[in-house]
Amino acid sequence: MTKSADTHCPYCALQCAMTLKSPAALTPAPQPGSDPVPATAAAVREAPVALLDVTGRDFPTNRGGLCRKGWTSASLLNHAGRVTEPLLKGADGVHRPVSWDKALELITAAVKDTRARYGADAVGVFGGGGLTNEKAYQLGKFARLALGTSRIDYNGRFCMSSAAAAGMRAFGLDRGLPFPLADLDSASTILMLGSNVAETMPPFVQHLQGARDAGGLIVVDPRRSATAAFTSDGGGLHLQPLPGTDLALLLGLSHVVIHEGLADAGYIEARTAGYDALVRSVASYWPERVQSLTGVPAGLLRDTARRLADGARRGGSYILTGRGVEQHVDGTDTATAAINLALLLGLPGSARSGYGTLTGQGNGQGGREHGQKADQLPGYRKITDPAARAHMAAIWGVPESLIPGPGLPAVQLLKSLGQSDGVRCLFVHGANVAVSAPDANAVIAGLRSLEFLVVCDFFLSETAAEADLVLPVTQWAEEEGTLTNLEGRVLRRRRAIAPPPGVRSELWIMTRLAEALDAPSTFSEDPETVFEELRRASEGGLADYSGIDYAMLDRGEAAYWPYPAGSTGTPRLFRESFAHADGRAVFTPVTPRRRASSPPAEVADGAGPFGTPMTLITGRLMEHYQSGAQTRRVAALAAAQPEARLQIHPAAAAAQGIAAGDFVSISNGRGEVSCRAELSTDIRPETVFLPFHFPELESANRLTEAATDPISGMPEFKFSQVWVRAGAAS
Ligand code: SF4
């Protein structure tokens, strides 16, 4: 056992570099089956000494820095609540240990029975953006060849799908940041829309420092988030629009750029297509009208556009988007509007300028490239493309007819659970949909309606608690593999410690099940073997990894895709041409639509039993990651942020008779949540904010709607109408 390794953080897409070392004193291994209850209080009580010391390691993205999630990440390895052997739910609803042989036998029987009674598409797979590239690749192959189903999608649909669709539309290629993160250091101006990196990935902030000190950091957020507050000392700007109006705001900025002569005419002529239609589409978005739509003063709009244009002429300008503007029913169009603005200013592909989107999950970039999406095959290929299907059939050694067609995007997959033509038997890998998916009450009901649910996890998460069978899997420090960070840079994950004896890797599980199900292709439990196949599968695709191997990554070489064999990779995309056939980027005119997200069912004419609804936005806190399934179990994090709190403006609170720290009820037609109120002038008076890391009565996603963007399938997380009133949930 090595017990020392250079690796990367298990959490977000910044993938901060860290070194894991064995400390002098070790604590006992967890007891099988002990305290599997995912309670914050339990996490505080347990607080084991970590098996490994974590230190930040110098790397271009984090430069030795880690956030508090990274510092404490090793404490989950020997957490007393960890699942360390397969658990089978009995008729009494209690999970009890079973052998691996028994677990695999039960799963094989359930899959065969489901396929025989309902067809192969009654088996579904829900993957995750935190899975390694190897797991994501093999999961897509496992679903399509071992299970024979088209029904696979993953939680990146909740995260990156709108920006990815916009990138494909405009550039013909989707890589979150098409340039190294360190390029931001020398920027004069950075416009950041809908991202709170100061809390979600704090080491990122050092890359904003230069623009911030030059007065060029501009943040768009309905809240004065930590990132928005960071602008103030440097003379930057904070634009605070009404939730759901980001698209109108971006159209207004494009209007100003065009009408004040700030556009880069030479760049538009040489490198883009569709300019004239774009000009027409923003004609009616003059600043004063946009002010009335968004609440952002016309003067601030003009100032923002001028600073961006000025920055592009001096040190460089960047436009960055995050989930705040993308998690909407018009998220693809909103990200497209941001790209249109960037193209008008001549930013994408230019020296010291650019557009990018900030991927969130640890392998949110790689997770969307290797085939766990409903509509994709490895190499970022379309599953409907005959050439792509023929290529993958050759790699897998199967007839092309054995590869199913497109499946259902994540929200539709979850809506289908238990339905007559839907999924009856579901595998969940690396996701906690009972907390993280929109309309969580409906999702939980769907999980309970399944005939068989298998969840692979480290803990009895809220989703695992619903499972018929829970399979314990390795954590990041116990496995080898690769991930692709928010820059499109492929990184090595290295094993520092052996997993507990009863724990298996997901590659091992897929391989054993594929054998039991007589899959028509070979599977492997060895990560490097899987990566070698992934390389070949990706060759010639948009996300080409064919020139990357473990040895070069182990030598510390930078590997940005596309990296065809014989090349040196592509740190900066689009310098000469974009990925469309004619080499040009495309302006796509977009306009705001009437929101598909409806008011609460009970509302008539804007009022309801509890008065006028408010707009709920959801988001993250510094201490917690995604559904909180991991970070709620870290004692130091749980102690710092033990519960959800509703951020509400003092004026709105006063109108409801709510004082700071009071319990409040937040409700709509989908559910009711209860937590304490936190009064703050950092939020708009008609808007409230709730973090989505918490389960049950504090679960923000009990209130969000499963309406989706028609292009990307992205749910509407950032716009829900709710009633807020004093008192705990009834
Ligand atoms: Fe980990 Fe992200 Fe924190 Fe870095 S910023 S330590 S990658 S959670």
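Criteria and thresholds
Residues numbered from 1 in each chain as written. Predicted model: local features only at pLDDT ≥ 70, side-chain atom pairs only at ≥ 80, totals over all residues. Heavy atoms only, no water. Helix = DSSP H or I, 4+ residues; strand = E, 2+ residues; numbered from the N terminus. Expected span 1.5 Å × (residues − 1). Buried < 20%, exposed > 50% of the residue type's maximum accessible area, 1.4 Å probe, protein only. Arc of directions from axis to C-beta. Contact = heavy atoms within 4.5 Å. Pairing = 2+ DSSP bridges. Salt bridge = Lys/Arg side-chain N within 4 Å of Asp/Glu carboxyl O. Domains from an automatic or database assignment. Buried area = accessible area lost by both parts, 1.4 Å probe. Axes fitted to C-alpha atoms, helices over the stretch in contact; angles between N-to-C directions.

(A) Fine view of helix α13 (residues 298–313). The terminal C-alpha atoms of α13 lie 23 Å apart, and with 16 residues this matches the ideal 22 Å at 1.5 Å per residue to within 8%. Among all positions of α13, only A298, L301, T304, A305, L308, A309 and G311 are buried. An end-on view of α13 places all buried positions within 165° of arc, on one side of the element.

(B) Structural view of the environment of P348. Looking at the element boundaries, P348 is found in the loop between α15 (331–344) and β13 (354–357). Among the residues examined, P348 registers a relative accessible area of 3% and is labelled buried. In the structure, P348 is positioned 110 residues away from F458 in sequence and 41 Å away in space, judged by C-alpha atoms. Apart from the residues lying within four places of it in its own chain, the contact partners of P348 are F171, Y267, R271, A342, L343, G354, Y355 and F578.

(C) Structural detail: the pairing of strand β29 (residues 720–726). Of all seven residues in β29, six are buried, a share of seventy percent or more. Taken together, the three bridges between strand β22 (residues 614–619) and β29 define a ladder with antiparallel strand orientation. Bridge pairing in β29 links L616 to S720. Across four bridges, the pairing between strand β24 (residues 663–668) and β29 is antiparallel. Bridging across to β29, V664 finds its partner in A726.

(D) Quick peek at the pattern of salt bridges. Inspection of every chain in the model, using the stated rule, returns 39 salt bridges. Where R572 meets D183, a salt bridge forms, and the shortest distance between an N and an O atom there is 2.8 Å. With R572 in the loop between α22 (550–554) and β21 (585–586) and D183 in the loop between α5 (161–171) and β8 (189–193), the pair connects residues that are 389 residues apart, well separated along the chain. Residue R572 is classed as partly exposed on the basis of its relative accessible area of 36%. A relative accessible area of 16% places D183 in the buried class. Its salt-bridge partner being R492, residue E480 comes within 2.8 Å of it at the nearest N-O pair. You can see E480 sitting in the loop between β18 (469–472) and β19 (481–484) and its partner R492 sitting in strand β20 (residues 490–493), a full twelve residues away along the chain. Taking relative accessible area as the criterion, E480 reaches 31% and is therefore assigned partly exposed. Overall, the relative accessible area of 8% leaves R492 in the buried class. Salt bridges sharing common partners tie together D113, R117, R424 and E451.

(E) Main features of the domain arrangement of the protein chain. Along its sequence, the protein chain is organised into domain 1 (4–76), domain 2 (87–159 + 363–473 + 505–542), domain 3 (162–358), domain 4 (544–578) and domain 5 (614–726). Computed from C-alpha coordinates alone, the two centres of domain 3 and domain 4 are separated by 28 Å. Of the residues lining the interface, 14 residues belong to domain 3; the matching set on domain 4 comes to twelve residues. Carbon and sulfur atoms make up 59% of the area that domain 3 and domain 4 hide from each other, which totals about 1,200 Å². Its largest share of buried area at the contact with domain 4, domain 3 owes to L173, R175 and R271, together 43% of the area lost on that side.

(F) Representation of the sheet that holds strand β17 (residues 452–457). The seven strands are arranged β5-β4-β18-β17-β16-β6-β7 in an open sheet whose pairing can be described as mixed. Lying at the two open borders of the sheet, with one neighbouring strand each, are β5 (95–97) and β7 (152–154). For this sheet, the mean inter-axis angle between neighbouring strands, taken without regard to orientation, is 20°. As paired elements, strand β4 (residues 87–89) and β5 share three bridges and run antiparallel to each other. In the sheet register, L88 faces β5, and the bridge partner there is R96. Running over the sheet, helix α4 (residues 133–147) touches β6 (123–127), β7 and β16 (425–429) and is turned about 175° from β6.

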